[in-house]
Amino acid sequence: MIPWRLFPYLRPCLAIIAGILVREFVTTEIWIVVFCLTLASALAVTNDFLYTSSVRYPFYAGYIILMLFFGLGFLSHHLHTIGLGSTHYGHYVVEGKEVRVIGVIKEYPNQRKNYRTILDVEFVCYDSNCYKARNPIQLSIGGNAVKGYLPSPGDRICVWGIINKIAKNTNPGTFDFAQYLRRQKITHQLYTSNDVVLLATYQLGFFRQSSMNLRNRCLKIFEKYLKGDPLSIAKAMVLGYRQDVQDELYQSFSASGSMHILAVSGMHLAVIAEILLKVMDKLTFRRRRTGMIPSLIIIALLWFFSFMTGAESAIIRSVLMFTLILYGKTLQHHHSTYNIMAFCAAIMLIYYPSQLFNAGFLFSFLALLSLMYFQPLVQSWWQPSDLFSNWIWQYISASIAAQVLVGPLTVFLFNQFPFYFVLSGFIPVWLSALSLKLGLLLLAAEFILPETNGLISIGFEFMLTYFIRSVQWVESLPMACIDDLFLSVPEFVFFSLATVSLMVFVKFRSKRLMIAMVSFFVLGLVWRIGSGWSHNGQFVLTVYDHKKVVLADVFMGHNCFSYGDSTLASAYADYIYSAHRSKHYIEEIRYVRDTTKTWVLGNREVQSKRIINEKLNIAIVIEQKDFFPDCSPDIYLILGKVWPPQKPMAHPSCIVLNALIKGKMLEQWKSFAAKQDVGLYSVYECGSIVLTPPFKIPNS
């Protein structure tokens, strides 16, 4: 049995997580939750005032308290998301009409993504009227607009542009960026190609603005001594400024499994804390324990660094845990790292419940938990006799231990897995730790003894260069990143339960836990094998939603016939079709490009214009001449920019229009479908569509 008394914050943390999940995925009336919480509070108070042992129930009181924490998670997430469904922008902003927006820049514009940033809106003005706003928006600045002035965090600016609602990614199985922004209370976006007018500076508040000013000065120090890829990696690794990292280099870090090095996290904080502790140790003349004033100085500097680097989930978790640990050591209190981690998670989730659905938050806590729990076990597999082998084995064992909990989540969220995670967790991590120390030394020397920075910068650039090469070398190895992996929700749940059973089994060595672990693992495998077998006879028709590419897939068993520009579509694979094809266990893909070419598969004949088998006819229209009066299709797929035919169709059937058909062309198609009395589905208006026989389209 798990000794819950040793971890008093673990169960409340789990209850808070359960409350957030119920609020997110279960439709529940708020008054029911409030009533249950009121009843639980009354029972808890009543139980606390009953002192007779025959009527006092401490066992049930524990469950009542957990119910209160469950309600705390539910209500905090409800209050955080309240009002997002009908954001105030829609009340007075007309789509397609240019408005004037005044607000404060919250983060650095990302030049790799059209100078995208977050604008904390204060006023929206049009027709000589100004309205007060409360939610931030996503701001994209055209290249011509930033030639004269590029805004930075803390600048109050005025921009002209058109506010539109952020469209949801409707392609099946893909990452929904609109929902990700919605959880940050961002529902609208604005693109401006006009000049940006600066109204004021330093508008983030004293503490946040001071940290941003110091960050800007440190960025200029790096720009003074470095250039190229070493410069962009130094900015990202030391200061959390990733906007200058090129896409190819970014992909190398992602494929090699080294992306966590670019995110300022616990490793960076540990290096800084180690340096600060040694400095304070010298200043306090090597006392046995750090005094209160030095501890407060260290904690203040770490929090200042966390805000300077962007205050992301990983760094906030690290600095909060370090604050509690250092506080306990200063007062000579016993502490449990698991307990502190649960307390930090509970505090962060109550303050900002949507973090639970943030990949950075999940990876930060799961990686730390996996390291704390499994690394001692993995490290006990081999006890090297020499120091060098023991040093190498520490890195390798940490890489293996971290993947126990992080690996399944990586596959579930990103549909890929870094095969050489042991190499990426040893060579790049070791080089990055040395580079980080040299980077901090370069920044400190610029303020204290700038004459030495010429020599330090040479060593720093040398270390960064070989750090980048090590990452690119790992990525260049065969099968460095296994792509197109897919875990369904049941499979992820079964494998996660198997991992939890393994964690408890490692601690208590119980046969029941071993049986539970093997059972969950077998259930996950059986579910996966059964899902693959159930797709043997599938016939699925999918028209994807993208504003630049037309693409449609026809799944026949484990084969896919793809229509459209596959070369252009491959650049957007992760946002269009990769996850959907993996989910349906597609093994072979055939791209149909030539309108005269015919593919033959089993007893089904497949043409680029029609797919014909014993029961189904699909007319795929690419050009105006492709309407066939000699066939009776079950459905028409309009995959080109085609106007409706002048004559009525000989065999009327439902019609699916691709995302490039819009405006006047779409209106004429609607009129044509109404005259023919057939169903019409517009991917441009309603998003992607997945159909199975008998091809009944929803009302659009």
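Residues numbered from 1 in each chain as written. Predicted model: local features only at pLDDT ≥ 70, side-chain atom pairs only at ≥ 80, totals over all residues. Heavy atoms only, no water.

A. The overall build of the chain, seen in detail. The number of helices and strands found in the chain is 25 helices and 21 strands. Scored against the burial criterion, the 700 residues of the chain give a buried share of 47%. Contacts in the chain between residues at least 24 apart in sequence constitute 65% of all its contacts with a sequence separation of at least 6. Total accessible area on the chain stands at roughly 36,400 Å², and carbon and sulfur atoms take up 61% of it. (Helix = DSSP H or I, 4+ residues; strand = E, 2+ residues; numbered from the N terminus. Buried < 20%, exposed > 50% of the residue type's maximum accessible area, 1.4 Å probe, protein only. Contact = heavy atoms within 4.5 Å. Areas by Shrake-Rupley, 256 points an atom, 1.4 Å probe, with all protein chains shown as cover.)

B. Local environment of the environment of Asp-155. Mapping Asp-155 onto the fold places it in the loop between β4 (136-141) and β5 (156-165). Taking the C-alpha atoms as reference points, Asp-155 and Thr-201, 46 residues apart in sequence, are found 4.4 Å from one another. When sequence neighbours within four positions are dropped, the list of residues in contact with Asp-155 reads Gly-103, Val-104, Ile-105, Tyr-149, Leu-198, Ala-200 and Thr-201. Looking at Asp-155, its side chain comes within polar contact range of the main-chain nitrogen of Ser-152, at 3.1 Å. (Polar contact = N/O pair within 3.5 Å; in protein donor to acceptor, adjacent residues only side chain to side chain.)

C. Spatial organisation of helix α14 (residues 359-379). Maximum bend of α14: about 35°, positioned at Tyr-373, with proline Pro-376 one to four residues after it. Among the residues making up α14, those that are buried are Phe-361, Phe-363, Ser-364, Phe-365, Leu-368, Leu-369, Ser-370, Met-372, Tyr-373, Phe-374, Gln-375 and Val-378. In this fold, the buried residues of α14 make contact with α12 (313-330), α13 (337-351), α15 (387-414) and α19 (489-508). N-cap assignment for α14: the residue whose side-chain oxygen lies 2.7 Å from the backbone N of Gly-360 is Asn-358. (Bend = angle between axes of the 7 residues up to and from the residue.)

D. Broad picture of unusual backbone geometry. The phi torsion at Lys-185 lies on the positive side, around 65°, for a residue other than glycine. The residue Lys-185 is located in the loop between α5 (177-182) and β6 (188-192) in this model. Although it is not a glycine, Asn-415 adopts a positive phi angle of roughly 55°. Inspection of the secondary structure assignment puts Asn-415 in the loop between α15 and β8 (417-418). For Asn-415, a relative accessible area of 16% gives the class buried.

E. Highlighting the layout of surface pockets. Here the second largest pocket is characterised by a volume of approximately 650 Å³. Around the second largest pocket, the lining is made up of 22 residues, and of these Ile-272, Leu-276, Phe-305, Leu-440 and Ala-444 lie nearest the centre. The set of elements that each furnish at least two residues to the lining of the second largest pocket consists of α6 (206-225), α7 (228-239), α10 (266-283), α11 (292-308) and α17 (427-448). Broken down by element, the lining of the second largest pocket gets its largest block of residues, seven residues, from α17. In the lining of the second largest pocket, the residues fall into 21 nonpolar, no polar and one charged. (1 Å grid on protein atoms, 1.4 Å probe; cavity = no way out; pocket = protein on both sides within 12 Å on 5 of 7 lines; lining within 4 Å. Points joined across faces, edges and corners; volume = space filled by probe spheres on them. Nonpolar A, V, L, I, M, F, W, Y, C, P; charged D, E, K, R; others polar.)

F. Main features of helix α1 (residues 10-25). Here α1 contains 16 residues, and its C-alpha end-to-end distance of 23 Å stays within 8% of the 22 Å for a straight helix at 1.5 Å per residue. Along α1, the residues classified as buried are Pro-12, Cys-13, Ala-15, Ile-16, Gly-19 and Ile-20. Looking straight down α1, one finds that the buried residues subtend no more than 160° of arc, so they occupy a single side. (Expected span 1.5 Å × (residues − 1). Arc of directions from axis to C-beta.)

G. View of the confidence of the model for the chain. For the chain, the mean per-residue pLDDT works out to 80, and 85% of the residues sit at or above 70. Across the chain, element-level confidence peaks in strand β20 (residues 680-682) with a mean pLDDT of 91 and bottoms out in strand β14 (residues 598-601) with 34. Overall, residues 51-55 carries pLDDT values under 50, and its contacts beyond four positions in sequence, including any with other chains, amount to one contact. Long-range and interchain partners of residues 594-615, a stretch whose pLDDT sits below 50, account for 57 contacts in this model, where long-range means more than four residues apart. (pLDDT = per-residue confidence, 0-100.)

H. Layout of the packing of aromatic side chains. Counted by the stated rule, this structure contains 26 aromatic pairs. Here the aromatic rings of Trp-391 and Trp-430 are separated by 5.6 Å at their centres, their planes lie at 80°, and the arrangement is edge-to-face. A residue pair is termed long-range when its members are at least 10 positions apart, and Trp-391 in helix α15 and Trp-430 in helix α17 qualify at 39 residues. Each ring, one from Phe-412 and one from Phe-492, has its centre 4.3 Å from the other, and the planes form 15°; the classification is stacked. (Phe/Tyr/Trp six-rings, centres within 6.5 Å; stacked < 30°, edge-to-face > 60°.)

I. The state of the cysteines, seen in detail. Tallied over the full model, the rule gives one disulfide. Put simply, Cys-125 and Cys-130 are joined by a disulfide, and their sulfur atoms are 2.1 Å apart. Between Cys-125 and Cys-130, the disulfide has an S-S torsion of 105° and is therefore right-handed. A relative accessible area of 4% places Cys-125 in the buried class. (Disulfide = S-S within 2.5 Å.)

J. Geometry of the side chain of Ser-578. Relative to the assigned elements, Ser-578 resides in helix α23 (residues 578-583). Assessed through its relative accessible area of 14%, Ser-578 is described here as buried. Those residues in contact with Ser-578 that sit more than four places away from it in its chain are Asp-484 and Ala-573.

K. View of the packing of α6 against α17. The N-to-C vectors of α6 and α17 enclose an angle of 100°; their axes lie 10 Å apart at closest approach. With respect to α17, the axis of α6 lies roughly perpendicular. Contacts between α6 and α17 involve Leu-214, Arg-217, Cys-218, Ile-221, Phe-222, Lys-224 and Tyr-225 from the former and Gly-439, Leu-442, Leu-443, Glu-446 and Phe-447 from the latter. (Axes fitted to C-alpha atoms, helices over the stretch in contact; angles between N-to-C directions. Parallel < 35°, antiparallel > 145°, perpendicular 65-115°, else oblique.)

L. Inspection of the nonpolar core at higher detail. In this structure, Phe-222, Ile-233, Leu-239, Leu-302 and Phe-467 are the most contacted members of the largest nonpolar core, which totals 79 residues. Sequence-distant contacts of Leu-239, that is, excluding residues within four places in its chain, are made with Arg-215, Cys-218, Leu-219, Phe-222, Ala-234, Val-264, Met-308, Thr-309 and Leu-443. Formed by 24 residues, the second largest nonpolar core is a distinct cluster that contains Leu-541, Val-592, Leu-637 and Val-656. (Core = buried A, V, L, I, M, F, W, Y, C linked by side-chain atoms within 4.5 Å.)

M. Representation of the pairing of strand β12 (residues 559-564) within the structure. The element β12 is extensively covered by neighbouring structure, given that five of its six residues are classed as buried. Examined bridge by bridge, strand β11 (residues 551-556) and β12 share six bridges and lie antiparallel to one another. Across the sheet, Ala-552 pairs through a bridge with Tyr-563, a residue of β12. In sequence, β11 turns back onto β12 through a hairpin of two residues, with Gly-557 there showing a positive phi of about 65°. Where β12 and strand β13 (residues 588-592) come together, five bridges link them in parallel fashion. Residue pairing for β13: Asn-559 is matched across the bridge by Glu-588. (Pairing = 2+ DSSP bridges.)

N. Structural view of the pattern of salt bridges. Summed over all chains, the structure comprises 11 salt bridges. Between Lys-224 and Glu-446 there is a salt bridge; the shortest N-O distance is 3.3 Å. One end of the pair, Lys-224, is in helix α6; the other, Glu-446, is in helix α17, with 222 residues separating them in the sequence. By relative accessible area, which is 55% here, Lys-224 ends up exposed. Each of Glu-223, Lys-235 and Asp-244 takes part in one network of salt bridges that share partners. (Salt bridge = Lys/Arg side-chain N within 4 Å of Asp/Glu carboxyl O.)

O. Region of the structure containing the environment of Lys-675. Within the secondary structure, Lys-675 sits in helix α24 (residues 663-676). The class of Lys-675 is exposed, set by a relative accessible area of 70%.

P. How the structure looks around the packing of α13 against α14. Contact pair α13 / α14: the axes reach a minimum separation of 11 Å and the direction vectors enclose 170°. By the angle between their directions, the pair α13 and α14 is classed as roughly antiparallel. The segment α13 lies against α14, with Thr-337, Tyr-338, Met-341, Cys-344, Ala-345, Met-348 and Leu-349 engaging Phe-361, Phe-365, Leu-368, Leu-369, Met-372 and Tyr-373. Within the contact of α13 with α14, the residues separate by chemical class into 12 nonpolar, one polar and no charged.

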